[in-house]
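Listed below are the residues making up each chain.
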Amino acid sequence: MDLKEFCFMGERPNLKKIPESAYKLGVVKEDKASYVEKTEQNVIKIAKLQDKLFAEGKEGVIVALQAMDAAGKDGTIKHVMSGVNPQGVHVVSFKQPTSKELAHDYLWRVNQALPERGKIAIFNRSHYEDVLVTQIHEMERGYKMAERCFKDGSKKFYERRYEQIRHYEDYLYENSYRMVKIFLNVSKDEQKKRFLERINDEGKNWKFSKSDLEERKLWDEYHELYEEIIERTGTKHNPWYIVPADQKWYARFVVSEIIVKILEDCEPEYPDIPEVEKMRLADCKKALEEERK
């Protein structure tokens, strides 16, 4: 699969023109089983690559998932990462900052969540919330920061954050980490459908909040801001991918392809064993075989 059509490395996307549905890309419903099977094959590939990544311990991988509410972040994580060894992967959900987190710079909690080299971190939302929700709701004035940080106005405040994020992600890349950012692009109609499912199904009531409707009213503002963020922070080494999310099975397939690609780019291999160690292993094998006799 050519992922270039989903990838953005500095150009500004037009979310009004980018399809949220796989069907607009020529995918047909009858192909669903085939895509589900391909996803399962990718899950196996991811598990094998992750095992090598963990054994080698040279590169860390961060997958940041961003989306409007009900786009399917949780389900995507659950299905795509179902085959990996939990020892080498952890999922971090970035919710409203705690008082302790607010007492630090906004990237502090992200830095705390970085995986060790050799491991994968899945960010369910990420540091991009600090240029997204905070900007939409003009929350920056509530920060306990020196007045000099605000003297140039809110626009300049967030432009500096875009620059800081780019530099931070470059810093991670230069220290043997790879980051890929994924925006699950769900349509407003599909979000409405999923909200209604959450309300009508008692088992899903806990997923819905009245505040979700308030955020839905800001749909256009969020999308315009996502376009700006993707343009300002998508780079060659830390790209953005915009994934059609109206069909969960297709979104999971594309995300699995992206994760396979980033792991293959790491080119992980099992560590070479020195000849001295190989000789010791041979001695251990001989001792064990003789023990059975």
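Only a predicted model underlies this, so the values are computations on that prediction, with no experimental measurement involved. (Residues numbered from 1 in each chain as written. Predicted model: local features only at pLDDT ≥ 70, side-chain atom pairs only at ≥ 80, totals over all residues. Heavy atoms only, no water.)

J.: Could you clarify how one ought to interpret the overall build of the chain in this entry?
T.: Looking only at helices and strands, the chain features 11 helices and six strands. Its C-alpha atoms give the chain principal-axis dimensions of roughly 75 × 55 × 40 Å. Across the 293 residues that make up the chain, the buried fraction comes to 46%. Accessible area for the chain stands at about 16,600 Å²; split by element, carbon and sulfur atoms hold 49% of it. Averaging the coordinates of the 52 positive side-chain charges in the chain and doing the same for the 54 negative ones gives two points 2 Å apart. (Helix = DSSP H or I, 4+ residues; strand = E, 2+ residues; numbered from the N terminus. Buried < 20%, exposed > 50% of the residue type's maximum accessible area, 1.4 Å probe, protein only. Areas by Shrake-Rupley, 256 points an atom, 1.4 Å probe, with all protein chains shown as cover. Lys, Arg positive; Asp, Glu negative; His and termini not counted. Charge placed at Lys NZ, Arg CZ, Asp CG, Glu CD.)

J.: How should the side chain of Glu-20 be read in this particular structure?
T.: With respect to the helices and strands, Glu-20 occurs in the loop between β1 (7-8) and α1 (32-56). Non-local contacts of Glu-20, meaning those with residues more than four positions away in its chain, are made with Leu-15, Asn-185, Val-186, Ser-187, Pro-244, Ala-245 and Asp-246. (Contact = heavy atoms within 4.5 Å.)

J.: Teacher, can you tell me more about the nonpolar core here?
T.: One recurring pattern in soluble globular proteins is that nonpolar side chains are buried together. Residues Met-81, Phe-123, Ile-182, Tyr-241, Tyr-250 and Leu-263 are the most contacted members of the largest nonpolar core, which totals 77 residues. Sort the elements by how many residues they give to this core and helix α10 (residues 248-266) lands first, with 12 residues. Tyr-241 has contacts with Leu-3, Phe-6, Cys-7, Val-180, Lys-181, Ile-182, Phe-183, Ile-258 and Lys-261, leaving out every residue within four places of it along the chain. (Core = buried A, V, L, I, M, F, W, Y, C linked by side-chain atoms within 4.5 Å.)

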